[in-house]
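Listed below, chain by chain, are the residues.
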Amino acid sequence: MTADDSKSEKNAAGQLLDSMYLDMFYLIEAHTQCRVDIERTNSSGAILLARTKFQQGGHSLTTAQIPTENSAEFNALCRVVEKAERVSIERHSVDKESGYVEPLHWFSVLPPMSLRTAVERFKKSIELVAESTNLQRELAKILNGIDRLRRSVAQ
Amino acid sequence: MANSCNFNSTAGYLEGMTRGFKNGLLKQSDYLSLTQCETLDDLALNIQNTDYGHVLASEQGASVEIFESRLRERIVEQYNYLRVNATEPMSTFLDYIRYEHMIDNVAMLISGLNNHRPMKKLLSLCHPLGYFDQLEAIGVASNTDELFDAILIDTPLSKFISKSFGHRDFKRIDVEIVRSILFKSYIEDFYKLCKRQDPTTAEVMCNLLSFQADRRAITISLNSLHSEFNHDDRLLLLPTCGHLGPIALDTLSQSVDYDQVRAVSSKNFEYAVVFDSIERDTDNLITLEDRFLMLEAKKLMQSYLQQFHLGVFYSYLKLKELECRNIIWIAECISQRQLDKINAYIPIPMF
């Protein structure tokens, strides 16, 4: 291999490395933003639960209403599914006969507005967690790629 | 005049005590200092300067649950003092105030037992004003027939259960619906009791209970809009002793959206103002319920403008509970580090 070829390969590797570093920074920014959003939606949901207790009284939301391992069995409405190395959320519709119960109805079949809004916040939070996982995986891939390329350039 | 002399001879001292208790409710300056606290220990320290005094002095670490439990104990102390010194008809009246909490406790216990939670843990979650002798025995019942026939039949709640539905229906219906139906029966019975009292008590209490009934009807109608409830199911839950008449209740039970409920409720000027003054905030924190709580606080304080009636006792206990909820809300905001929402309590107007 001539010196020119070697130099142009190094340049190409350097440009690729630059582009990978740029992708890495974009992913870090997106991942951090995603985590901030998770924190924000979770806090919003938690304060709305406190608001429901404030409006309806202490009896409206208690641990007594949450099922235990001895309660009747039920199926989860929300599942994490992995397809083509990407994590996504799959939601099943409510179907009491098949055991797909609405968790909101554990607390009230006449839920107030604040409780319904809290449910929406927590559902959004789950989706953000899936998005954060995907971003984290992409970031790990990029970091591995950067590491391998730097080693091959160094050799 | 005769009513005032007779009232004073039996309940004058207790009315004076209650007005004294009412003067001890937190003022705006107290709320200002509470909302500036940054930790729960700060909050406990600031509460010492109020009528509550050293509620948390013996506790190692403050938590929202401990606050809730200590504040409730204070209400129960004051209630028990009034109840022990009361004579008829005030004693029956004060008992009726407890029935609402009994209904909540029974519903909570049934819910917890259905989830196989231990009785001891469930009893600690009960409101102390709603304790009655047979409460613990609810855990012994192995099915709903036993619950009804052996236990609840001997409690003060039995008259509400037998009026509302047979014990076979008990099994099939959701706990929340059972609670709503019992509450409807209770509030209508309480209304009838107040109507039989002296004219001032009847006027004040029937006004307050009508408001409670209407508020219940409106919130149930709104909350059941996106549910499987049909017209008949909804009508069963709506109390009939409010200012909203049978036609309004029937229309509410058939409403399919928010605008319909609003249109029916707005026929009453007070409720129209409640619907019109809703501010939208980004977190949906302040809702219609909060507006109703503000109106309730105003009506409860207005009852103190008249003398020689039993409504002052009902109003005081309700206002005290609202004050406790305000303090718990402040404690929750501090505990969750969401201090920007700390001012969303319901201020109690002081006349």
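Residues numbered from 1 in each chain as written. Chains lettered and ligands numbered in written order. Predicted model: local features only at pLDDT ≥ 70, side-chain atom pairs only at ≥ 80, totals over all residues. Heavy atoms only, no water.

## Observations concerning the overall build of chain B
No. 1: Counting its regular elements, chain B contains 17 helices and 0 strands.
No. 2: Counting only carbon and sulfur atoms, one obtains 51% of the accessible surface of chain B, whose full area is about 15700 Å². (Helix = DSSP H or I, 4+ residues; strand = E, 2+ residues; numbered from the N terminus. Areas by Shrake-Rupley, 256 points an atom, 1.4 Å probe, with all protein chains shown as cover.)

## Overview of the pattern of salt bridges
No. 1: Per the stated rule, a full pass over the model turns up 22 salt bridges over all chains.
No. 2: The salt bridge involving Lys318(B) is made with Glu100(B); its shortest N-O contact spans 3.0 Å. Of this pair, Lys318(B) sits in helix α17 (residues 311–335) while Glu100(B) sits in helix α5 (residues 90–114), placing them 218 residues apart in sequence.
No. 3: Between Arg215(B) and Glu289(B) there is a salt bridge, with the nearest N and O atoms lying 4.0 Å from each other. Of this pair, Arg215(B) sits in helix α11 (residues 199–223) while Glu289(B) sits in helix α16 (residues 288–302), and the two are 74 residues apart along the sequence. The burial state of Arg215(B) is the same as that of Glu289(B); both residues are buried.
No. 4: A cluster of three or more residues bridged by salt bridges with shared partners is formed by Lys53(A), Glu68(B) and Arg72(B). (Salt bridge = Lys/Arg side-chain N within 4 Å of Asp/Glu carboxyl O. Buried < 20%, exposed > 50% of the residue type's maximum accessible area, 1.4 Å probe, protein only.)

## Description of the packing of aromatic side chains
No. 1: Taken as a whole, this structure holds 18 aromatic pairs over all chains when the rule is applied.
No. 2: Just above the ring of Phe183(B) sits the side chain of Arg216(B); from NZ or CZ to the centre is 4.2 Å. (Phe/Tyr/Trp six-rings, centres within 6.5 Å; stacked < 30°, edge-to-face > 60°. Lys NZ or Arg CZ within 6 Å of the ring centre and 35° of its normal.)

## Side note on the interface of chain A and chain B
No. 1: Listed as interface residues are 33 residues of chain A and, on the opposing side, 45 residues of chain B.
No. 2: Buried surface at the junction of chain A and chain B, summed over both partners, amounts to about 3100 Å²; 54% is from carbon and sulfur atoms.
No. 3: Interface area lost by chain A to chain B is led by Arg51(A), Phe54(A) and Leu110(A), which between them contribute 24%.
No. 4: Taken together, the connections running from chain A to chain B amount to 2 salt bridges.
No. 5: In this structure, Arg51(A) engages Asp290(B) in a salt bridge whose closest nitrogen and oxygen atoms are separated by 2.6 Å.
No. 6: One can count 17 residue pairs in polar contact (both at pLDDT 80 or more) joining chain A with chain B.
No. 7: Elements supplying a minimum of two residues to the side of chain A that touches chain B: α1 (3–56) and α3 (113–154) of chain A.
No. 8: Of the residues contributing to the side of chain A that touches chain B, the split by class is 14 nonpolar, 15 polar and 4 charged. (Contact = heavy atoms within 4.5 Å. Buried area = accessible area lost by both parts, 1.4 Å probe. Polar contact = N/O pair within 3.5 Å; in protein donor to acceptor, adjacent residues only side chain to side chain. Nonpolar A, V, L, I, M, F, W, Y, C, P; charged D, E, K, R; others polar.)

## Overview of the domain arrangement of chain B
Residues and elements named next belong to chain B.
No. 1: We note that the domain assignment places domain 1 (12–86 + 327–351) and domain 2 (87–326) within chain B.
No. 2: Here domain 1 and domain 2 have C-alpha centroids that lie 24 Å from each other.
No. 3: With 33 residues of domain 1 at the contact, the number on the domain 2 side is 39 residues.
No. 4: Buried surface at the junction of domain 1 and domain 2, summed over both partners, amounts to about 3400 Å²; 71% is from carbon and sulfur atoms.
No. 5: When the buried area of domain 1 at its contact with domain 2 is split by residue, Ile 75, Tyr 79 and Ile 346 rank highest and sum to 21% of it.
No. 6: Scanning the region where domain 1 abuts domain 2 turns up 1 salt bridge. (Domains from an automatic or database assignment.)

## Some words on the pairing of strand β2 (residues 86–91) of chain A
Residue and element names in this part refer to chain A.
No. 1: Here strand β1 (residues 78–83) runs beside β2; their pairing, made up of 6 bridges, is antiparallel. For Glu 82, the partnering residue across the bridge sits in β2 and is Val 87.
No. 2: Where β1 folds back onto β2 in an antiparallel hairpin, the turn is made up of 2 residues, including Ala 84, whose phi is positive at roughly 50°. (Pairing = 2+ DSSP bridges.)

## Things to note about the packing of α11(B) against α17(B)
Residues and elements named next belong to chain B.
No. 1: α17 packs onto α11 with a crossing angle of 35° between their chain directions and a minimal axis gap of 9 Å. In the packing of α11 onto α17, the handedness of the crossing is left-handed. Along its contact with α11, which presents Val 204, Met 205, Leu 208, Leu 209 and Gln 212, the element α17 presents Gly 311, Tyr 314 and Ser 315.
No. 2: By residue class, the composition of the contact of α11 with α17 is 5 nonpolar, 3 polar and no charged. (Axes fitted to C-alpha atoms, helices over the stretch in contact; angles between N-to-C directions. Left-handed = near helix turned anticlockwise from the far one by under 90°.)

## Quick word on the nonpolar core
No. 1: By size, the foremost hydrophobic cluster in this structure holds 99 residues, and its most contacted members are Leu43(B), Phe67(B), Tyr186(B), Phe190(B), Phe313(B), Tyr314(B) and Trp329(B).
No. 2: Each residue touching Phe67(B), except ones within four places of it in the same chain, is listed here: Leu40(B), Leu43(B), Ala44(B), Ile47(B), Leu56(B), Ala62(B), Ile328(B) and Ala331(B). (Core = buried A, V, L, I, M, F, W, Y, C linked by side-chain atoms within 4.5 Å.)

## Observations regarding the environment of Gly112(B)
Residue and element names in this part refer to chain B.
No. 1: Positionally, Gly 112 belongs in helix α5.
No. 2: Residue classification places Gly 112 among the buried positions, given a relative accessible area of 0%.
No. 3: Sequence separation between Gly 112 and Glu 296 is 184 residues; the distance between their C-alpha atoms is 31 Å.

## A word on helix α13 (residues 246–253) of chain B
Residue and element names in this part refer to chain B.
No. 1: For α13, every residue scored as buried is listed here: Ala 248, Leu 249, Leu 252 and Ser 253. An end-on view of α13 places all buried positions within 135° of arc, on one side of the element. For α13, exposure combined with an orientation more than 90 degrees from the buried face picks out Pro 246 and Ile 247.
No. 2: Looking at the buried side of α13, the elements it contacts are α11, α12 (231–237) and α14 (258–265). (Arc of directions from axis to C-beta.)

## So, the packing of α5(B) against α17(B)
Working note: a packed helix pair is described by the angle between its axes plus the distance between those axes.
Residue and element names in this part refer to chain B.
No. 1: Two elements in contact, α5 and α17, have axes whose closest approach is 10 Å; the angle formed by their N-to-C orientations is 30°. Between α5 and α17, the angle falls in the class roughly parallel. In terms of crossing hand, the pair formed by α5 and α17 is right-handed. Here α5 contributes Met 90, Phe 93, Leu 94, Ile 97, Glu 100 and His 101 to the contact with α17, which in turn contributes Phe 313, Tyr 314, Leu 317, Lys 318 and Glu 321.
No. 2: Among the residues forming the contact of α5 with α17, the class breakdown is 7 nonpolar, 1 polar and 3 charged. (Parallel < 35°, antiparallel > 145°, perpendicular 65-115°, else oblique.)

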